[in-house]
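Chain residues, written in single-letter form:
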Amino acid sequence: MKNIAVIGSGTMGNGIAHTFAQFGYQVNLIDINIDALGRAIATITKNLERQVAKGAITEELKAQTLSNITTHTNLQSGVEDVDLIVEAATENIELKLKIFKDLDQFAKPEAILASNTSSISITQIAAVTNRGDKVIGMHFMNPVPVMKLVEVIRGYATSNETTQSVMELSQKLDKMPVEVNDYPGFVANRILMPMINEAIYTLYEGVAGVQEIDTVMKLGMAHPMGPLQLADFIGLDVCLAILNVLYQGFGNPKYAPCPLLVNMVTAGKKGIKSGEGFYDYSNGPKDAKVASKFA
Ligand SMILES: NC(=O)c1ccc[n+]([C@@H]2O[C@H](COP(=O)([O-])OP(=O)(O)OC[C@H]3O[C@@H](n4cnc5c(N)ncnc54)[C@H](O)[C@@H]3O)[C@@H](O)[C@H]2O)c1
């Protein structure tokens with residue numbers, strides 16, 4: 001595999017494109033929103049500069065990485081010559097089913113179609129294509145250039161060959177792939193999201209404030225970041241979408257999203273990406289201040 005397409009250039013798409021390009025792959029980065037593509041290239045450039053400043057990569061590798069990425073707004077021309085597509089568009093099932101139907105039509109018959117979905121069924125995504133054996137989950141973690149894990153999700157129809165290719169490819173990106181089966185939330189979010197939801201309930205019920213909840217989990221459980229701040233980093237809209245998939249997928253009320261989370265997303269408070277979630281990021285993530293009225 002040499003040529004890769006990444007669909008969606010938001011939080012995850014820009015990190016996935018950065019990582020493949022840094023390891024020498026030619027990347028077509030595709031988004032329907034041209035401004036999002038511009039922001040993605042600016043973010044990748046800034047993150048590469050940070051890697052150079054830390055001595056992690058050279059100035060030459062930075063330039064090479066940037067030259068390995070081309071941006072596209074047209075799906076068909078962006079995917080027709082690639083060996084692997086990693087879809088990282090918005091977490092919405094109808095949107096993903098439409099994208100995979102189109103990919104099945106436009107991509108080479110031998111191309112592998114991967115999704116970075118946090119929770120949507122790989123089996124269901126594969127079912128809208130005529131190549132279910134070549135559809136797989138490739139779930140990177142945020143921030144992609146830094147985080148080691150790739151959760152590799154086998155749909156019901158995914159072949160051993162596809163799984164093996166994606167496991168090996170992940171290792172070539174200096175990541176640690178872990179193979180899991182396709183059930184709602186897979187492993188990562190099935191465990192993480194109920195914890196985040198419980199932290200939001202703890203705030204909602206007045207047990208403690210934002211800072212207190214995050215401090216208990218940071219200092220008491222040695223988590224590098226508290227669950228409320230982590231939710232802001234992931235995106236509160238993404239957290240809500242995942243909890244709804246768990247809730248509907250298992251039909252179990254223990255996964256019902258906290259009403260406070262629903263209200264915050266409805267009010268446009270999506271975390272870092274909108275400038276405010278449980279914290280206010282107007283002075284940047286390092287100087288985040290508690291914003292929640294529940295604090
Ligand atoms: N945010 C996280 O921490 C995280 C972690 C792991 C996985 N994920 C998953 O990654 C995916 C992307 O999440 P994100 O946080 O990067 O979202 P985001 O909102 O930051 O970015 C989504 C991008 O997709 C683009 N898009 C929407 N429809 C499109 C289409 N039809 N074609 C091309 N581009 C399209 C949007 O313009 C936007 O730029 C989701 O499936 C999410 O569940 C997110």
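What counts, and where the lines are drawn
- Residues numbered from 1 in each chain as written.
- Predicted model: local features only at pLDDT ≥ 70, side-chain atom pairs only at ≥ 80, totals over all residues.
- Heavy atoms only, no water.
- Axes fitted to C-alpha atoms, helices over the stretch in contact; angles between N-to-C directions.
- Helix = DSSP H or I, 4+ residues; strand = E, 2+ residues; numbered from the N terminus.
- Parallel < 35°, antiparallel > 145°, perpendicular 65-115°, else oblique.
- Left-handed = near helix turned anticlockwise from the far one by under 90°.
- Contact = heavy atoms within 4.5 Å.
- Nonpolar A, V, L, I, M, F, W, Y, C, P; charged D, E, K, R; others polar.
- Pairing = 2+ DSSP bridges.
- Right-handed = clockwise from strand over helix to strand, strands pointing away.
- Buried < 20%, exposed > 50% of the residue type's maximum accessible area, 1.4 Å probe, protein only.
- Near = heavy atom within 4 Å.
- Polar contact = N/O pair within 3.5 Å; in protein donor to acceptor, adjacent residues only side chain to side chain.
- Areas by Shrake-Rupley, 256 points an atom, 1.4 Å probe, with all protein chains shown as cover.
- UniProt positions renumbered as here; feature names shortened; annotations may be inferred.

1. Some words on the packing of helix α11 (residues 236-250) against helix α12 (residues 259-266)
With their axes 9 Å apart at the nearest point, α11 and α12 run at an angle of 130 degrees to one another. One element, α11, and the other, α12, form an angle in the oblique class. With respect to the hand of their crossing, α11 and α12 are arranged in left-handed fashion. Here α11 contributes L236, D237, C239, L240 and L243 to the contact with α12, which in turn contributes L261, V262, M264 and V265. Among the residues making up the contact of α11 with α12, the classes are represented as 8 nonpolar, no polar and 1 charged.

2. Describing the pairing of strand β8 (residues 176-181)
Taken together, the 6 bridges between strand β7 (residues 149-154) and β8 define a ladder with parallel strand orientation. Bridge pairing in β8 links L149 to M176. Handedness of the crossover is the feature at issue here: the chain leaves β7, passes through helix α7 (residues 160-172), returns alongside β8, and the resulting connection is right-handed.

3. Considerations on the environment of G226
With respect to the helices and strands, the residue G226 is situated in the loop between α9 (210-221) and α10 (227-234). Non-local contacts of G226, meaning those with residues more than four positions away in its chain, are made with D214 and K218.

4. Some remarks on α10
All of the buried residues in α10 are P227, L228, Q229, A231 and D232. The inward-facing, buried residues of α10 contact α8 (188-204), α9, α11 and β9 (279-280). Trailing α10 by a residue or two, G235 shows a phi angle of about 110 degrees, which is positive.

5. A short note on the pairing of strand β1 (residues 3-7)
When you tally the buried positions in β1, you get 4 out of 5 residues, the bulk of the element. Where β1 lies against strand β2 (residues 26-30), 5 bridges are found, and the strand directions are parallel. Bridging across to β2, A5 finds its partner in N28. Since β1 and β2 lie parallel, the crossover through helix α1 (residues 11-22) that links them has a hand, and here it is right-handed. Of the pairings in the sheet, the one linking β1 to strand β4 (residues 84-87) comprises 4 bridges and is parallel in character.

6. Some words on the site of the ligand
Contacts to the ligand come from 25 residues, most closely from M12, D31, E91, K96 and S118. Note that an oxygen atom of the ligand is positioned 3.0 Å from one of the backbone N or O atoms of T11. Between I234 and the ligand, the recorded distance is 3.0 Å, taken from a backbone N or O atom to a nitrogen atom. In isolation the ligand offers 840 Å² of accessible surface; the protein chains occlude 87% of this area. Elements represented by at least two residues in the shell around the ligand include exactly α1, α5 (93-106) and β6 (135-140).

7. A look at the sheet that holds strand β3 (residues 69-72)
As summarised here, the arrangement of the 8 strands in space is β3-β2-β1-β4-β5-β6-β7-β8, forming an open sheet in which the pairing is mixed. With one partner strand each, in any of the chains shown, β3 and β8 form the two edges of the open sheet. The mean angle between the axes of side-by-side strands here comes to 25 degrees, regardless of whether they run parallel or antiparallel. For strand β5 (residues 112-115) and β6, the ladder comprises 3 bridges, and the chain directions are parallel. Note that in β6 the partner of S115 across the bridge is G137. Helix-sheet contacts for helix α2 (residues 34-53) involve β2 and β3, and the interaxial angle to β3 is about 165 degrees. Set on the sheet, α5 makes contact with β1, β4, β5 and β6; between it and β5 the angle comes to about 165 degrees.

8. Considering the side chain of T162
Mapped onto the fold, T162 is located in helix α7. In terms of polar contacts, T162 uses its side chain to reach the backbone carbonyl oxygen of D133, at 2.8 Å. Every residue in contact with T162, bar those within four places of it in the chain, is listed here: I112, D133, K134 and I136.

9. Quick notes on the UniProt feature "domain: 3-hydroxyacyl-CoA dehydrogenase C-terminal" (unreviewed entry) in the chain
Per the UniProt record, "domain: 3-hydroxyacyl-CoA dehydrogenase C-terminal" (unreviewed entry) is annotated on residues 185-281. Taken end to end, residues 185-281 is 62% helix and 2% strand, and its two terminal C-alpha atoms sit 28 Å from one another.

10. Topic: unusual backbone geometry
A negative phi angle is the norm for most residues apart from glycine, just as the trans form is the norm for most peptide bonds. The omega angle of the peptide bond from N142 to P143 is 0 degrees, so this bond is cis rather than trans. Turning to its location among the elements, P143 is positioned in the loop between β6 and β7. Even without glycine at this site, F186 takes up a positive phi of about 55 degrees. One can find F186 in the loop between β8 and α8. On the accessibility criterion, F186 (4% relative accessible area) is buried. Positive phi is not limited to glycine here, since A222 has a value of about 60 degrees. Mapped onto the elements of the fold, A222 is located in the loop between α9 and α10. For A222, a relative accessible area of 67% puts it in the exposed group.

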